[in-house]
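Structural overview
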Amino acid sequence: MLRDTGLVYSEKYFWYDSLNQAFPPFYIEPGANPDRPDIKRRFYNLLSALGVLEKLTTIKPRMATTEEILRVHSPAYFEILSSQRNSPAGVAGPGAVFAGNSFDIALLSSGGVITAVDQVMNKSVDNAFALVRPPGHHAETDRGAGFCVLNNAALAARHAQSYPNIERVAIVDWDVHHGNGAQQIFWRDPSVFTLSIHQDYYFLEENTGTMDYRGEGKGKGYNLNIPLPPGSGNAVYLNVLNRVVIPALEAFRPDFIIVACGLDAGCYDPLGRMAVTPSGFRTMSTAMAQCADRLCEGRLVMCQEGGYDLASTPYMGLSVLEGLCGAQYISENPFEVFGSTLGYTNIVLPHQEEVIKRAQQLAAEIRL
């Protein structure tokens, strides 16, 4: 089934880069931040070169308002960010530095995802993908982290709930890094189900991505972490979706689904050690679109999170869009070759199966 997919994009997103300047020939150019603007720009340019943009509905972004930001983030944190607005550089939290004027770009990124929600809600599009930066899924109530300033997925979830017929929202995060931000923000909130599929590792001060983190108070049981062993590929992710994620969503019965769509579980990504290929991302995206069609009238927004390989990340994103739209835009993805050379991307090994079975048990406990 072909779907009308919206795309949020603005060249202004790509100003968020303190190293975007020319250097005299007698200087060594400094290394770029892994979340450099070139990656998202190449993604957009790939869509343009293939004629995909003509098949998508363009969604014009806007800046998120102060009122919208305060649905998720604290006034104190908002003031910290605002006070650095005109500084040459700012710091939102550990690993979240930003260049001058870039707080406005973070507001535009969040506002772009919010606008995508509006367009889905008013049925201008069937679903939407927000190609935005900076990413957001590490940002918590009171701080940013790991390249993230404002939590785009969490802001989208709260905005969806501002509509009278939207009570329950699910956030599915398949970035290779743990979605600690939504977990912390909705820790006590049973109206937002947060689920993170990520590589098992330590990120911040403590490992908050284990299966022991389930929520608290009324929110207990409404957070589910699936920390996968390094090397997990297409077969593992597909098993996780079919055996854990979709049954959990069916039990929760969301009115809207947000996907924090990191592409850094891709097999070529320098910041992850996973083995997902473009066809894996297409299958994952297709499964989420079909799940949204069944559970919540197709109400689905995906927002760009990580993805740090300059060459392959745009092709991983292209496959996600193919799944969202129900179309195939290229006959052969050049970065699919990884899957044909390493056979373990298409099998589930015993230590991976152990994690999936444990996650299945936890998903079975979800009740409205």
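Residues numbered from 1 in each chain as written. Predicted model: local features only at pLDDT ≥ 70, side-chain atom pairs only at ≥ 80, totals over all residues. Heavy atoms only, no water.

**Things to note about the environment of T210**
What counts here: Secondary structure counts use DSSP, requiring at least four H or I residues in a row for a helix and at least two E residues in a row for a strand, with both numbered from the N terminus. We call two residues contacting when some pair of their heavy atoms lies within 4.5 Å.
As for its position among the elements, T210 is in the loop between β7 (192–199) and β8 (223–228). Along the primary structure T210 and Q360 are separated by 150 residues, whereas in three dimensions their C-alpha atoms are 14 Å apart. Contacts of T210, omitting those with residues within four sequence positions, involve N225 and P227.

**A closer look at the sheet that holds strand β1 (residues 5–8)**
Put simply, the test is: DSSP bridges decide pairing: two strands pair if at least two such bridges lie between them. The convention used is that axes are lines fitted to C-alpha atoms, helices contributing only their stretch in contact, and that angles between N-to-C directions extend from 0 to 180 degrees.
Strand order across the open sheet formed by 8 strands is β2-β1-β5-β10-β9-β6-β7-β8, with parallel pairing between neighbours. Each end of this open sheet is capped by a strand with a single partner; those strands are β2 (57–59) and β8. Each neighbouring strand pair of the sheet contributes to a mean axis angle of 15 degrees, computed without reference to strand direction. Relative to strand β9 (residues 256–261), strand β6 (residues 169–173) runs parallel, the two being bridged by 5 bridges. Looking at β9, one finds that A170 is bridged to I257. Across the sheet, helix α4 (residues 102–121) is in contact with β1, β2, β5 (127–130), β9 and β10 (300–304); its angle to β10 comes to roughly 160 degrees. In this fold helix α7 (residues 234–252) packs onto β6, β7, β8 and β9, with an angle of close to 170 degrees to the strand it touches most, β7.

**Concerning the confidence of the model for the protein**
Which entries qualify depends on this criterion: What pLDDT conveys is the predictor's confidence in a given residue, as a value from 0 to 100.
Mean pLDDT over the protein works out to 91, with 92% of the residues at or above the 70 mark. Under a pLDDT of 50 for its full length, residues 16–28 has, in the predicted model, 20 contacts with residues more than four places off or in other chains.

**Observations regarding the packing of aromatic side chains**
We apply this condition: Pairing of aromatic rings covers Phe, Tyr and Trp, the last through its six-membered ring, and needs centres within 6.5 Å; plane angles under 30 degrees mean stacked, over 60 mean edge-to-face, and all others mean tilted. Each residue is assigned to one of three classes by its accessible area relative to the maximum for its type, calculated with a 1.4 Å probe on protein chains only: buried under 20%, partly exposed between the two thresholds, exposed over 50%.
Within the structure shown, the criterion is met by 9 aromatic pairs. Taking the centre distance of 5.5 Å and the plane angle of 40 degrees together, the rings of F193 and F252 count as tilted. Of this pair, F193 sits in strand β7 while F252 sits in helix α7, and the two are 59 residues apart along the sequence. Assigned by exposure class, F193 and F252 land together as buried. Between Y222 and F252, the aromatic rings sit 6.0 Å apart at their centres with planes inclined by 65 degrees, giving edge-to-face as the arrangement. One end of the pair, Y222, is in the loop between β7 and β8; the other, F252, is in helix α7, with 30 residues separating them in the sequence. Neither residue differs from the other here; Y222 and F252 are each classed as buried. Aromatic ring contacts, followed pair by pair, group F193, Y222 and F252 into a single cluster.

**A short note on α7**
Three or four residues apart is the spacing at which side chains of an α-helix point the same way, because the helix has 3.6 residues per turn. Put simply, the test is: To estimate the expected span of a helix, count its residues, drop one, and scale the result by 1.5 Å. Each residue is assigned a bend, namely the angle between axes fitted to the seven residues that terminate at it and the seven residues that start at it.
In a regular helix each residue adds 1.5 Å, so 19 residues correspond to 27 Å; α7 covers 25 Å between its end C-alpha atoms and thus fits that length. Taking the largest bend as the criterion, α7 deviates by roughly 40 degrees, centred on L241. Those residues of α7 lying buried are N234, A235, V236, Y237, V240, L241, V244, V245, I246, A248, L249 and F252. Buried-residue contacts for α7 involve β6, β7, β8, β9, α8 (278–296) and α11 (350–363). R253 occupies a position one or two residues after α7 and carries a positive phi of about 55 degrees.

**Re the pairing of β8**
Remark: a regular strand shows side chains that alternate across the two faces of the sheet. Burial analysis of β8 places 6 of its 6 residues in the buried class, the great majority of the element. Because side chains alternate across β8, one face comprises the buried residues N223, N225 and P227, and the other comprises L224, I226 and L228, equally buried.

**Some points on the pattern of salt bridges**
Our working rule: A pairing counts as a salt bridge when a side-chain nitrogen of Lys or Arg comes within 4 Å of a carboxyl oxygen of Asp or Glu.
Counted under the stated rule, the structure contains 12 salt bridges. Linking E68 and R62 is a salt bridge whose minimum nitrogen-to-oxygen distance equals 2.7 Å. E68 sits in the buried class, given a relative accessible area of 8%. Each of K123, E297 and R299 takes part in a single network of salt bridges with overlapping partners.

**A short note on the packing of α7 against α8**
To be explicit about the condition: Here the word oblique covers every angle except those under 35 degrees (roughly parallel), over 145 (roughly antiparallel) and from 65 to 115 (roughly perpendicular). If you view the pair so one helix is near and one far, a crossing is left-handed when the near helix is turned anticlockwise from the far one by less than a right angle, and right-handed when it is turned clockwise. Throughout this entry, Asp, Glu, Lys and Arg are counted as charged residues, while Ala, Val, Leu, Ile, Met, Phe, Trp, Tyr, Cys and Pro are counted as nonpolar. The remaining residues, Gly among them, count as polar.
Following both chains from N to C, one finds α7 and α8 inclined at 15 degrees, their axes separated by 10 Å at the closest point. What the angle tells us is that α7 and α8 run roughly parallel. For α7 against α8, the interelement crossing comes out right-handed. Taken together, the residues of α8 that come into contact with α7 (itself represented by N234, Y237, L238, L241, V245, I246, L249 and E250) are S279, G280, T283, M284, A287, M288, C291, R294 and L295. Partitioned by chemical class, the residues of the contact of α7 with α8 number 11 nonpolar, 4 polar and 2 charged.

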